[in-house]
Amino acid sequence: MVSNKQVILKDFVSGFPKETDMYVTTSSIELKVPQGSNGVLLKNLYLSCDPYMRPRMTKGEGSYIESFKPGLPIVGNGVAKVLDSENPEFKKGDLVWGMTGWEEYSLVTAPRLFKIQHTDVPLSYYTGILGMPGMTAYAGFFEVCTPKQGEYVFVSAASGAVGQLVGQFAKSVGCYVVGSAGSKDKVDLLKNKFGFDEAFNYKEEPDLDAALKRYFPEGINIYFENVGGKMLDAVLLNMRIQGRIALCGMISQYNNDKPEGVHNLTCLISKRIRMEGFLVPDYFHLYPKFLEMMIPRIKEGKIVYVEDKAEGLESAPAALVGLFSGRNVGKQVVEVATE
């Protein structure tokens, strides 16, 4: 038996989440998987903070993913090392990424894990560029948006874990790309590090419709949606005929008890726009193809990625809450332990 530090959800959350909605406690765990359980015991190395986790903090029905359970550890994507296994697909010493607990050690009885084959890149990348956010960017842009060279692409929340990759994917196929973000530093990052053609701070734009007309005088072919609300409404007015919108997330709505309405949906009809929601697990069968593309690009420096690392499990509540005020710059990761 060893001690096991954990991040627990205190109760369901209404409105903006606070650090005090979670607490850190210490329990104990046996470093052995029960025989015949098909489970694996993980030592968690990195944990991923993602916007989709906010709706899981609310008592919800009809969602694609179940709510967290108050009194139990928060669950999310992470990178871990297998310490013991009763599952034929995993053996002791394997490095994996996938769903795990916000704790030092997790006993996972129904593993939804990917074995990490490429260890010559930072392991933390499997919470981001080589994990769920990377696959989200890849599937949403290439599979849902079906880009063509020369098209005009707009990405909201563009400096986040997904947006920074969508912009670089768009540039790689010859598109013109503009991103929005919430600070001058993030705007500079988009233009100077990620190669966006233009970027703007949405907080400094009282009229989003006018801002988009400034950057896209001829309209938008592809919108990669991470924000929702007023931004989506403004984008609809600026889409080109037969434009495509990939609905990835709507972070502006996650803390609202009552979501904002969207008013310009008739544009979908008049401009023959296709707006499609998607969930990354539907595209996990493409993961080997995705890695084939990404690993060489990372090694050759053809794609760049920015992480915002918090140290230690105690820092996890603040790191998660910070997503919703835009405190993070790049992919928010929590480093729990070293191998």
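The protein has the name NADP-dependent alkenal double bond reductase P2 in an unreviewed UniProt entry, where Citrus sinensis is given as its organism.

Per the stated rule, a full pass over the model turns up 19 aromatic pairs. With a centroid separation of 5.3 Å and an interplanar angle of 70°, the aromatic rings of Phe141 and Phe142 are classed as edge-to-face. By relative accessible area, Phe142 is classed as partly exposed at 21%. Each ring, one from Phe200 and one from Tyr215, has its centre 5.2 Å from the other, and the planes form 15°; the classification is stacked. Of this pair, Phe200 sits in strand S10 (residues 198–201) while Tyr215 sits in helix H5 (residues 208–215), and the two are 15 residues apart along the sequence. Assessed through its relative accessible area of 2%, Phe200 is described here as buried. Among the aromatic residues, those joined into a ring-pair cluster are Trp97, Phe114, Tyr138, Phe141, Phe142, Phe169, Phe284, Tyr287 and Phe290.

Peptide bonds are, in most cases, trans, and in most cases residues other than glycine have a negative phi. The backbone of Asn38 shows a phi angle near 70°, a positive value even though the residue is not glycine. Position of Asn38 relative to the elements: it lies in the loop between strand S2 (22–29) and strand S3 (40–48). When its relative accessible area of 36% is taken as the criterion, Asn38 is described as partly exposed.

Turning to the pattern of salt bridges, a few remarks are in order. If you walk through the whole model with that rule in mind, you get 16 salt bridges. Glu314 is the salt-bridge partner of Lys5, the closest N and O atoms lying 2.5 Å from each other. Note that Lys5 is positioned in strand S1 (residues 2–9) and Glu314 in the loop between strand S14 (307–311) and helix H9 (316–322), a separation of 309 residues in sequence. Owing to a relative accessible area of 47%, Glu314 belongs among the partly exposed residues under this scheme. Arg244 is the salt-bridge partner of Glu151, the closest N and O atoms lying 2.6 Å from each other.

Strand order in the open sheet formed by 6 strands is S10-S9-S8-S11-S12-S13, and the pairing between neighbours is parallel. With partners counted over all chains shown, the strands left at the sheet margins are S10 and strand S13 (274–277), one partner each. Each neighbouring strand pair of the sheet contributes to a mean axis angle of 15°, computed without reference to strand direction. Here 4 bridges tie strand S12 (residues 239–247) to S13, and the two strands are oriented parallel to one another. Within the sheet, the bridge partner assigned to Leu247 lies in S13 and is Gly277. Together, strand S8 (152–155), strand S9 (176–181) and strand S11 (220–225) form the strand contacts of helix H3 (residues 163–172), whose direction differs from that of S8 by roughly 170°. Each of S9 and S10 touches helix H4 (residues 184–192); the most contacted strand, S10, lies at about 170° to it.

Of all 6 residues that make up S11, 6 are buried, and the element is covered over most of its length. Sheet topology note: the S8/S11 ladder contains 3 bridges and is parallel. Each bridged residue has a counterpart across the sheet, and for Val155 the counterpart in S11 is Phe224.

In terms of nonpolar packing, the biggest core is built from 79 residues, with Trp102, Tyr126, Ile129, Leu130, Phe169, Met294 and Leu320 touching the most fellow members. Membership of the second largest hydrophobic core comes to 20 residues, among which are Met231, Ala234, Ile245 and Ile273.

Let's shift gears to the pairing of strand S15 (residues 331–335). For S15, a buried count of 5 out of 5 residues is recorded, marking the element as mostly surrounded by other parts of the structure. In S15, alternate side chains face the same way, and those of Lys331, Val333 and Glu335 on one face and Gln332 and Val334 on the other are all buried. As paired elements, S3 and S15 share 3 bridges and run antiparallel to each other. Its bridge partner being in S15, Ser48 is matched across the sheet by Val333. Note that the unit made of S14, H9 and S15 has a crossover that is right-handed.

Before going further, it helps to spend a moment on helix H6 (residues 229–238). Counting buried residues along H6, 8 of its 10 residues qualify, which places the element largely inside the surrounding structure. Every buried residue of H6 is accounted for by Gly229, Met231, Leu232, Asp233, Ala234, Val235, Leu236 and Asn238.

The rules behind each value
Residues numbered from 1 in each chain as written. Predicted model: local features only at pLDDT ≥ 70, side-chain atom pairs only at ≥ 80, totals over all residues. Heavy atoms only, no water. Phe/Tyr/Trp six-rings, centres within 6.5 Å; stacked < 30°, edge-to-face > 60°. Buried < 20%, exposed > 50% of the residue type's maximum accessible area, 1.4 Å probe, protein only. Helix = DSSP H or I, 4+ residues; strand = E, 2+ residues; numbered from the N terminus. Salt bridge = Lys/Arg side-chain N within 4 Å of Asp/Glu carboxyl O. Pairing = 2+ DSSP bridges. Axes fitted to C-alpha atoms, helices over the stretch in contact; angles between N-to-C directions. Contact = heavy atoms within 4.5 Å. Core = buried A, V, L, I, M, F, W, Y, C linked by side-chain atoms within 4.5 Å. Right-handed = clockwise from strand over helix to strand, strands pointing away.

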